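Observations on chain architecture
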Amino acid sequence: TSAKLVLDPAFTVAPVNRRTFGTFVEHMGRCVYTGIYEPGHATADEDGFRKDVLELTQELGVSLVRYPGGNFVSGYRWEDGVGPREGRPRRLDLAWHSIETNEFGLDEFIRWCAKAGVEPMMAINLGTRGVQEALDLQEYTNHPGGTALSDLREQHGASPYGVKLWCLGNEMDGPWQIGHKTAAEYGRLAAETARAMRMIEPDLELVACGSSSSSMPTFGTWEQEVLRESFDFVDYISCHAYYGNDDGDTESFLGSAVNMDRFIDAVTATADAVAAERKSSKRIDISFDEWNVWYGDRSRRTDGPGDQWEVAPRRIEDEYNVTDAVVVGNLLISLLRHSDRVGVACLAQLANVIAPIMTEPGGPAWKQPTFHPFAITSRLAAGQVLRVETDSPTVSTAKYGDIAAVDAVATYDEGKLAVFLVNRSTEGPIEITVDVSRIGVTTVAEAVIVHDEDRLATNSADQPDRVTPQPVEAQLQDGKLTVTLPAVSWSALNLS
Ligand code: AHR
């Protein structure tokens, strides 16, 4: 079986947006505590940050990190987590049924971002709080000085943090959300919060909450109503999507990027329809600020008995396999091909909680199989995203009908071509021929594959490198690149 595609440097989508390679740190389970932060750990630095996790974050190629939630943010008081540690209160975290010690907060997060070399993206609490608390947080975070809260930050030893990108709440469409709202209620609050925040800093970039998934009963109407209220004051509408293979329908699971493609197209169309109603040329882009593979019951918010409130309990520490890594690689292909409208994306989350990086308290840190396609795509994607039309055999799926077995995206940057390919078939290999004659590349500098005969192979503390990218054979002759893609595989090629 074979597939082909033709690449042309003149047919571009948009520049590769570095913010596509964002992730997410929530005060949830062990993402913060014993994840990125563990004073006393053998690798902890003077701030208590795990250096092994910092190094892996850099190797992952993360550009931006969203913080502090997630569902957590909808009950969070940001002022609990700033200033001297001794005075910080312990609180109940209702979202994840645990105790928040507030040992780590905004000041620590910004310091951690500087060390990791990532841009912070802050979420504000629009669940239990409103406009005033958002403005207070903004004043503390960004105002240069000479006011109560900016001076407080200075007293805490910090210059303005200069945070540009803000989420106006989190998943406010979800009935599980603390302070859940209707679209009309949330749309008004988002608009008024955004309008006030812009009175301090007109050039902030603000994200309104879209749907928690494309299967929410309010999907579509939620985006429309929220944007009708907030269109003039926001820049992005969010999308969240998690894909699992709980029902054993591997063909559909491997087709998850089809759902992501349709989700992005539907939200873009809805945002543009609101623009049309207003005769506006403004374009609201997408912040896909939570995406990943996630197993298990998504409605289950806690893992412990109701009367147990623990500090940093283990929560949704999914162990990923090779098939999950192929899906994650394919979801990145979907995000990249929508670079004209997806301005921000965050793999949720960074450490331990449905994460590419795992740790043991007092022990090692290691990479899940899903780490690899993310790290390689972040490293190789550069310049312009090229338009790609793949001529491919199809796979029948229960959820999405017949879909292309081979999915692909390419980027081109001053003589360097990167091609990302996935074979979503469970049946067998597909040989793909990529016509690169119009690009003029002559050398295959790198060709790697994430694949394993055991599709359920995973990594662990004992076997951290059971699943790693392997070299794959690629022929480049007379402007034609040929690679054989085994069933259930993700590959990346770098040509010059
Ligand atoms: O990432 C885990 C959770 O998933 C987040 O807290 C929430 O926003 C989503 O439901």
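Only a predicted model underlies this, so the values are computations on that prediction, with no experimental measurement involved.

Time to look at the site of the ligand. Lining the immediate surroundings of the ligand are E26, M28, G69, G70, N71, N170, E171, S212, E290, A348 and Q349. Among the residues making up the shell around the ligand, the classes are represented as two nonpolar, six polar and three charged.

A word on the sheet that holds strand β11 (residues 285-293). Taken in spatial order, the eight strands close into a barrel running β3-β4-β7-β8-β9-β10-β11-β13, and their pairing is parallel. Taking the axes of each pair of neighbouring strands and ignoring which way they run, one obtains an average angle of 30 degrees across the sheet. As defined by bridge partners, strand β10 (residues 236-243) adjoins β11 across seven bridges and the pair is classed as parallel. Looking across to β11, one finds that Y243 is bridged to V293.

It is worth spelling out the environment of T484 at this point. Structurally, T484 can be placed in strand β25 (residues 480-485). With 97 residues separating them along the chain, T484 and R387 place their C-alpha atoms 22 Å apart. The residues contacting T484, other than those within four sequence positions of it, are P429 and E431.

Judged by nonpolar contacts, the single largest core of 158 residues is most densely connected at V65, L168, A408 and A410. No other element matches the 10 residues that helix α9 (residues 322-337) contributes to this core. Two domains each provide a minimum of three residues to this core, namely domain 1 (3-8 + 386-495) and domain 2 (17-380). Those residues in contact with A408, other than ones at most four positions away along the chain, are L5, I333, V388, T390, V419, F420 and L421.

Attention now moves to unusual backbone geometry. With omega at 0 degrees, the peptide bond leading from Y67 into P68 counts as cis. Note that P68 resides in the loop between β4 (64-67) and β5 (91-93). A cis amide bond links G69 to the next residue, G70, at an omega of 15 degrees. Among the secondary structure elements, G70 is positioned in the loop between β4 and β5.

All right, on to the domain arrangement of the chain then. A common way to express how large an interface is: the accessible area buried when the components associate. On domain assignment, one finds that the chain holds domain 1 (3-8 + 386-495) and domain 2 (17-380). Once you take the C-alpha centre of each, domain 1 and domain 2 turn out to be 30 Å apart. On the side of domain 2, 33 residues touch domain 1, which itself brings 35 residues to the contact. Contributing elements (two or more residues each) for the side of domain 1 that touches domain 2: β17 (394-397), β19 (406-413), β20 (416-423), β22 (444-450) and β26 (489-495).

Turning our attention to the sheet that holds strand β6 (residues 98-100). Across the sheet, which stays open at both edges, the three strands sit in the order β5-β6-β12 with mixed pairing between neighbours. Each edge of the sheet is formed by a strand with only one pairing partner; in this case those strands are β5 and β12 (310-311). For β6 and β12, the ladder comprises two bridges, and the chain directions are parallel. The residue of β12 that forms the bridge with S98 is E310.

Conventions we followed
- Residues numbered from 1 in each chain as written.
- Predicted model: local features only at pLDDT ≥ 70, side-chain atom pairs only at ≥ 80, totals over all residues.
- Near = placed C-beta within 6 Å.
- Nonpolar A, V, L, I, M, F, W, Y, C, P; charged D, E, K, R; others polar.
- Pairing = 2+ DSSP bridges.
- Helix = DSSP H or I, 4+ residues; strand = E, 2+ residues; numbered from the N terminus.
- Axes fitted to C-alpha atoms, helices over the stretch in contact; angles between N-to-C directions.
- Contact = placed C-beta atoms within 7 Å.
- Core = buried A, V, L, I, M, F, W, Y, C linked by C-beta atoms within 7 Å.
- Buried ≥ 20, exposed ≤ 12 C-beta atoms within 10 Å, placed from the backbone.
- Domains from an automatic or database assignment.

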